[in-house]
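Architecture at a glance
Residues per chain, in single letters:
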Amino acid sequence: MLFSKKAPEPQRQTFVIAGITVNVYSQPKVTKPDAPVAVMFLLHGRNGSALKMGEFVNGIFDEVHAHRKKHGGEAQDLYIATFDQRNHGKRLVDKKANQGWFDDPEQNNVRHAIDMYAIQTGTAQDVSYLIDFLPSYLFPNDERTISQFLCVGKSLGGHATWIVLRNEPRIRIAVPIIACPDYLALMSRRAKSHKLPVGPPYFPKALLDLIHRADPAAAPYAASDASNPFLGKKILVLSGQDDKKVSWTSAKEFVENLNVGQHGVKKVIVEPRIGHDFSPAMVKECARFVWQHALAA
């Protein structure tokens, strides 16, 4: 167990939405029956799965429960939704497509840069798709009102969270964890470490064109006008100081220049002596941010 139990075991409902299995967790009777519901998408990392996020679901609920007990009041309810990213968990089709670059031909995935961008972009599209349809599955008789959707993701799921932040106006609060919003900054460093060119066949022109057009780093993220899709959003960035897989260096320039405007929030924590890990301290910070800016706001 990563986290000690501080709150009742959350209940899980499972829905199949056009072939996507979605697990939705909630804590019974922590709010009034008609309280608004905030739905958080919690996205797993590479080679993970929705069900492997159970420990983090429990950890976030435990911390939120502690805030409820401490502060009381009429806070919103929290539901946490998990689903398998494309080519992961129950959606796995080709295991090698989730691999990286290796010297061993049996392990090496030449299309690593293509596959990773395809997965995280597809996951971001799945989040928008589920925002459209999940309410009808959760509350078919209009029993509750969903007030807002949030997105939290670790590693590959964190990369997807940055794409969601750029493309999905209905996501106003998000927590990308051990992730990078600048795909080329991340992957060019990774390619260099393997002595690979940022060009064909590892980075075909079609992929580079897509990244230059669609990546969060391709948006006018420092602008102060409506061209900036991040304006007004509330973002907690969590990274590990000793992360070798997704180094803070790759994300630093983007994050430091990111403009969320006077109505937005940008909080950055680079945790000392932590590598590529969603640490217990990060879980606490994530829950505190969600409590402050989504549930108790």
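Each value, and the rule that gives it
Residues numbered from 1 in each chain as written. Predicted model: local features only at pLDDT ≥ 70, side-chain atom pairs only at ≥ 80, totals over all residues. Heavy atoms only, no water. 1 Å grid on protein atoms, 1.4 Å probe; cavity = no way out; pocket = protein on both sides within 12 Å on 5 of 7 lines; lining within 4 Å. Points joined across faces, edges and corners; volume = space filled by probe spheres on them. Helix = DSSP H or I, 4+ residues; strand = E, 2+ residues; numbered from the N terminus. Nonpolar A, V, L, I, M, F, W, Y, C, P; charged D, E, K, R; others polar. Pairing = 2+ DSSP bridges. Axes fitted to C-alpha atoms, helices over the stretch in contact; angles between N-to-C directions. Contact = heavy atoms within 4.5 Å. Buried < 20%, exposed > 50% of the residue type's maximum accessible area, 1.4 Å probe, protein only. Lys, Arg positive; Asp, Glu negative; His and termini not counted. Salt bridge = Lys/Arg side-chain N within 4 Å of Asp/Glu carboxyl O. Polar contact = N/O pair within 3.5 Å; in protein donor to acceptor, adjacent residues only side chain to side chain. Expected span 1.5 Å × (residues − 1).

Examining the layout of surface pockets
Quantified by volume, the largest pocket comes out at close to 690 Å³. Around the largest pocket, the lining comprises 36 residues; the ones closest to its centre are R46, S155, R190, K245 and H276. Looking at the lining of the largest pocket element by element, the count peaks at six residues for helix α4 (residues 183-193). Here the lining of the largest pocket is composed, by residue class, of eleven nonpolar, 17 polar and eight charged.

Notes on the sheet that holds strand β8 (residues 265-271)
Here eight strands make up an open sheet; going across it, the order is β1-β2-β4-β3-β5-β6-β7-β8 and the pairing mixed. Looking along the sheet, the strands with just one partner apiece sit at the ends: β1 (11-17) and β8. Strand after strand, the sheet turns through a mean of 20° between neighbouring axes, direction not considered. Each of β1, β2 (20-26), β3 (37-43), β4 (77-83), β5 (146-154) and β6 (171-177) is contacted by helix α2 (residues 112-138), which is oriented at about 110° to β1, the strand it contacts most. Against the sheet, helix α6 (residues 248-257) touches β7 (234-240) and β8, its axis set at about 160° to β8.

Regarding the side chain of D243
With respect to the element layout, D243 can be found in the loop between β7 and α6. Despite being buried, D243 has no salt bridge partner; R190 is the closest side chain of opposite charge, sitting 7.5 Å away. Within the structure, D243 has its side chain in polar contact with the backbone nitrogen of K245 (distance 2.9 Å). Beyond its immediate sequence surroundings of up to four residues, D243 is in contact with I178, I274, G275 and H276.

Topic: helix α1 (residues 54-71)
Compared with the 26 Å implied by 1.5 Å per residue over 18 residues, the 26 Å span of α1 between its first and last C-alpha is a close match. Here α1 lies mainly inside the structure; 13 of its 18 residues are buried. The positive-phi residue at the C-terminal boundary of α1 is G72, with phi of around 60°.

A look at empty space enclosed by the protein
On inspection of all chains with the given rule, the structure shows one cavity of 30 Å³ or more. Here the element with the most residues in the lining of the largest cavity is helix α3 (residues 156-167); it accounts for three residues. Class assignment of the residues belonging to the lining of the largest cavity gives a composition of six nonpolar, two polar and one charged.

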